[in-house]
Amino acid sequence: YIMKKKLQTIGVFVVIIILGLTTLNYGTNEKNRGMFIYSSTVSAQGVSTVIDKMHENGVGHIYLLVKGTNGIMIDSTLLADFITAAHNKSMEVHAWYGISQDAVFLAANPDAVIYHSPQPGMHNNQPYPMTGDANSRLNFLYPGYKEYVLSKMTYLLTNFNLDGIHLDNIRYHHLVYSFDQYHITRANGTGCNTARLLQLFIDNYAHYSGAGWIQGYVTGDVDIVKWVEMRKNVLVEFISAIKTLVQQLKPGAELSASFTPELNNDAMVHYSQDYTLCSPYLDRVMPQTWFQTYGGSTSWIKTVTENVIDLVTPNCKVTA
């Protein structure tokens, strides 16, 4: 136990993540082990093969991808069979659902694409749509998108005996994104001078598309702070709406989310994921402590996890 909050470790894809945390007292119960897995892997390997292999290796929590960036939902029979097989071996199944990318929704609603800040020299001095974006990133405030996500969650929670919902990629991807009419209108309503913010990019894009914007947030530039806070609250509202739905349709099911492990001001400005603001609506939060990706040692995982524990509310478990 650390800071009176249970610390569990979930090995994502590779066991070395678990082994690297032996300095933490996460317990000897192998059911603490978890794994994220693609539905395509289950289709290729077979439900029984996958479940048996996980069970042999002490996996107790399975996060099965039910909707990725392509927007296509998992086959219903595959999901039902997988849940039944897992439950027969006392293993939990959580629906792993990607939020900010959905090629199906974007194809039906091309205007839902995110907007880039003004970028003189490449485009007119106005925000412009990121059309043709291979990553299919979506505008969180686009009318109907939240309701679309909630309808998918309703389908999952009412038709399958899931143990939880896991939200992935519920973040902004860069500070220069989200300058669409809906975010600008929302920011204007908070007293933010968005015309001034757009002019900052026009006057000095190289500076304000990075260090300048972050510096403005740190030093308390009123408009930049209001903009960042607005984006943070958009994510809180999104998560809160999903939490309310889970409580209505399947009380007791766990709502979890993956968050960036970066806890500095740079991350807050770029991603707008605020552990403290979001944790009241989450049963579990998972800092994505990919130590090799971030150039750290396994001890970095411990440091990040302990720092996150200090940020979240008591109701929210922290899993690396």
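Note: the structure precedes this text.
The notes below deal with the structure included here. These numbers come from a predicted model, not from an experiment.

Definitions and cut-offs
- Residues numbered from 1 in each chain as written.
- Predicted model: local features only at pLDDT ≥ 70, side-chain atom pairs only at ≥ 80, totals over all residues.
- Heavy atoms only, no water.
- Helix = DSSP H or I, 4+ residues; strand = E, 2+ residues; numbered from the N terminus.
- Buried < 20%, exposed > 50% of the residue type's maximum accessible area, 1.4 Å probe, protein only.
- Contact = heavy atoms within 4.5 Å.
- Areas by Shrake-Rupley, 256 points an atom, 1.4 Å probe, with all protein chains shown as cover.
- Axes fitted to C-alpha atoms, helices over the stretch in contact; angles between N-to-C directions.
- Parallel < 35°, antiparallel > 145°, perpendicular 65-115°, else oblique.
- Nonpolar A, V, L, I, M, F, W, Y, C, P; charged D, E, K, R; others polar.
- Core = buried A, V, L, I, M, F, W, Y, C linked by side-chain atoms within 4.5 Å.
- Left-handed = near helix turned anticlockwise from the far one by under 90°.
- Phe/Tyr/Trp six-rings, centres within 6.5 Å; stacked < 30°, edge-to-face > 60°.
- Arc of directions from axis to C-beta.
- Polar contact = N/O pair within 3.5 Å; in protein donor to acceptor, adjacent residues only side chain to side chain.
- Right-handed = clockwise from strand over helix to strand, strands pointing away.

Another point: the overall build of the chain. Counting secondary structure elements, the chain contains 14 helices and 10 strands. When each of the 320 residues of the chain is scored for burial, the buried share is 54%. Considering only contacts in the chain between residues 6 or more positions apart, those separated by 24 or more positions represent 78%. For the chain, the computed accessible surface area is about 14000 Å², with 51% contributed by carbon and sulfur atoms.

For the rest of this paragraph, the subject is the packing of helix α10 (residues 211-219) against helix α11 (residues 222-249). At a minimum axis separation of 8 Å, α10 and α11 run at an interaxial angle of 90 degrees. One finds that α10 runs roughly perpendicular with respect to α11. Listed contacts from α11 to Trp213, Gly216 and Tyr217 of α10 are Ile224, Val225, Trp227, Val228, Glu229 and Lys232. Among the residues making up the contact of α10 with α11, the classes are represented as six nonpolar, one polar and two charged.

We now examine the nonpolar core. Counting 90 residues, the largest nonpolar core has Ile99, Leu156, Ile165, Leu167, Trp213 and Ile242 as the members making the most contacts within it. Ranked by the residues each element gives to this core, the list is headed by α11, at 12 residues. With near-sequence residues (within four places) excluded, Leu167 lies in contact with Tyr97, Ile99, Met153, Ile239, Ile242, Leu255, Ser256, Ala257 and Ser258. Among the nonpolar cores identified, the runner-up in size contains five residues, and Tyr63, Leu65, Trp96 and Met286 belong to it.

So, about the packing of helix α7 (residues 181-188) against α11. Orientation of α7 relative to α11, taken along the N-to-C sense of each, is 110 degrees, at an axis distance of 10 Å. As far as their axial angle goes, α11 and α7 are roughly perpendicular. Note on packing geometry: the crossing formed by α7 with α11 is right-handed. Here α7 contributes His183, Ile184, Arg186 and Ala187 to the contact with α11, which in turn contributes Trp227, Met230, Val234 and Glu237. Taken together, the residues of the contact of α7 with α11 break down into five nonpolar, one polar and two charged.

In the structure shown here, the tally under the stated rule is 19 aromatic pairs. Relative to Trp213, the ring of Phe201 lies with its centre 4.8 Å away and its plane at 20 degrees, an arrangement referred to as stacked. Taken together, the residues span a long stretch of sequence, with Phe201 in helix α8 (residues 194-203) and Trp213 in helix α10 at a distance of 12 residues. The same class applies to Phe201 as to Trp213, namely buried.

Relative to the helices and strands, Val285 resides in strand β9 (residues 284-287). Classification of Val285 as buried rests on a relative accessible area of 2%. For the pair Val285 and Val308, spaced 23 residues apart in sequence, the C-alpha separation works out to 8.9 Å. When residues no more than four places from it in sequence are discounted, the contact partners of Val285 are Ala257, Phe259, Tyr275, Val308, Val312, Cys316, Lys317, Val318 and Thr319.

Turning our attention to α7. Among the residues of α7, His183, Ile184 and Ala187 are the ones counted as buried. Each buried residue of α7 lies within a common arc of 100 degrees when the element is viewed along its axis, so the set occupies one face. Of the residues in α7, the exposed ones pointing more than 90 degrees away from the buried face are Gln181 and Thr185. Check the buried side of α7 and you find it contacts α8 and α11. Where α7 starts, the residue carrying a side-chain oxygen 2.9 Å from the main-chain nitrogen of Tyr182 turns out to be Asp180.

Take the pairing of strand β3 (residues 59-67) next. Counting buried positions over the nine residues of β3 gives nine, a clear majority of the element. Handedness of the crossover is the feature at issue here: the chain leaves β3, passes through helix α4 (residues 76-87), returns alongside strand β4 (residues 92-98), and the resulting connection is right-handed.

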